[in-house]
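Listed below, chain by chain, are the residues.
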Amino acid sequence: MSSWNNVVFATAVKAHGIRKTFKQIVTLDTPKVGTLVGKDQFGNEYYENRMDVMGRDRWVLYDKWNYDATQVPPEWHQWLSRFTDDIPSESTIPKPFYTTESTENYTGTTAAFKTYSTVKPKISEWEPISRR
């Protein structure tokens, strides 16, 4: 590790603690130091460091270890993508009456939608007769 990485690592450990710094290294590939801007309903934490490189100065630490981009609600996604500089709140982002709550994508999990048929099948499988 170079001396610059040691400084960044030590600063991150001092700011967040060893457990959160380790989680940052695993999920972001680098320890980052920034200001906690807010949390969403899923428990994700959003950070900002205006001294960092443009485009890498806002990031999210997911609450779950098996994170997915669908776990970021739309209002926080627009803040991360720099569509707006306003931190999402009830007053900054009006919600239309027809919207629903944001949910993550459950594809590939046990909670995924499974289709089923309520119609009797037209053909049936062949079942061999066993003679024992």
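In the nomenclature of an unreviewed UniProt entry, the protein corresponds to NADH dehydrogenase [ubiquinone] 1 alpha subcomplex subunit from the organism Chytriomyces confervae. Under the UniProt heading Function (unreviewed entry), the entry covering the protein gives this text: "Accessory subunit of the mitochondrial membrane respiratory chain NADH dehydrogenase (Complex I), that is believed not to be involved in catalysis. Complex I functions in the transfer of electrons from NADH to the respiratory chain. The immediate electron acceptor for the enzyme is believed to be ubiquinone." Listed under Sequence similarities (unreviewed entry) in UniProt, the entry text for the protein is "Belongs to the complex I NDUFA12 subunit family."

## Things to note about the overall build of the protein
When helices and strands are counted, the protein shows 3 helices and 3 strands. For the protein, the C-alpha radius of gyration of 23 Å lies well beyond 14 Å, the compact-globule estimate for 132 residues. Along the first, second and third principal axes, the C-alpha atoms of the protein reach 75 × 50 × 20 Å. Sequence separation of at least 24 residues holds for 41% of the intrachain contacts in the protein that already meet a minimum separation of 6. A total of about 10700 Å² of accessible surface is found on the protein, and carbon and sulfur atoms cover 57% of it.

## What about the confidence of the model for the protein?
Averaged over every residue, the pLDDT of the protein is 83; the share at 70 or more is 96%. Element-level mean pLDDT values for the protein span from 74 in helix α1 (residues 3-16) up to 92 in strand β2 (residues 45-48).

## With respect to a nonpolar patch on the surface
A contiguous nonpolar surface patch, about 340 Å² in accessible area, is contributed by F22, V26 and W65. Within the secondary structure, W65 sits in the loop between β3 (58-61) and α3 (74-80).

## Looking at the domain arrangement of the protein
Split into domains, the protein comes out as domain 1 (1-33) and domain 2 (38-131). Put simply, the middle of domain 1 and the middle of domain 2, counted by C-alpha atoms, are 27 Å apart. Taken together, the contact between domain 1 and domain 2 spans 11 residues of the former and 12 residues of the latter. For the pairing of domain 1 and domain 2, the buried interface totals around 990 Å² over both sides, and the portion due to carbon and sulfur atoms is 59%. On the domain 1 side of the interface with domain 2, the three residues burying the most area are K23, T27 and K32, jointly 50% of the side's total. Where domain 1 touches domain 2, the interface holds 2 salt bridges. The shortest N-O distance in the salt bridge between K32 and D52 comes to 2.9 Å. The tally of links between domain 1 and domain 2 comes to 6 residue pairs in polar contact (both at pLDDT 80 or more). No other element matches helix α2 (residues 18-28), which puts 7 residues into the side of domain 1 that touches domain 2.

## Some remarks on the side chain of D57
Along the polypeptide, D57 turns up in the loop between β2 and β3. Reaching out from D57, the side chain makes a polar contact with the side chain of R82 at a distance of 2.4 Å. When sequence neighbours within four positions are dropped, the list of residues in contact with D57 reads Y47, E48, N49, D52 and R82.

## With respect to the packing of aromatic side chains
Evaluation of the coordinates by the stated rule reveals 4 aromatic pairs. Taking 5.8 Å as the distance between ring centres and 15 degrees as the angle between the ring planes, the aromatic pair formed by Y47 and W59 counts as stacked. With Y47 in strand β2 and W59 in strand β3, this residue pair connects regions lying 12 residues apart in the sequence. In terms of burial, Y47 and W59 fall into one category: buried. Here W76 and W79 contribute two aromatic rings whose centre-to-centre distance is 5.6 Å and whose plane-to-plane angle is 85 degrees, an arrangement assigned as edge-to-face. Here W76 and its partner W79 are both found in helix α3, 3 residues apart, which amounts to about one turn of the helix.

Calculation notes
Residues numbered from 1 in each chain as written. Predicted model: local features only at pLDDT ≥ 70, side-chain atom pairs only at ≥ 80, totals over all residues. Heavy atoms only, no water. UniProt positions renumbered as here; feature names shortened; annotations may be inferred. Helix = DSSP H or I, 4+ residues; strand = E, 2+ residues; numbered from the N terminus. Rg over C-alpha atoms; globule rule 2.2 N^0.38 Å. Contact = heavy atoms within 4.5 Å. Areas by Shrake-Rupley, 256 points an atom, 1.4 Å probe, with all protein chains shown as cover. pLDDT = per-residue confidence, 0-100. Patch = residues over 30% accessible without salt bridge, like charges linked within 9 Å, V, L, I, M, F, W, Y side chains within 5 Å. Salt bridge = Lys/Arg side-chain N within 4 Å of Asp/Glu carboxyl O. Domains from an automatic or database assignment. Buried area = accessible area lost by both parts, 1.4 Å probe. Polar contact = N/O pair within 3.5 Å; in protein donor to acceptor, adjacent residues only side chain to side chain. Phe/Tyr/Trp six-rings, centres within 6.5 Å; stacked < 30°, edge-to-face > 60°. Buried < 20%, exposed > 50% of the residue type's maximum accessible area, 1.4 Å probe, protein only.

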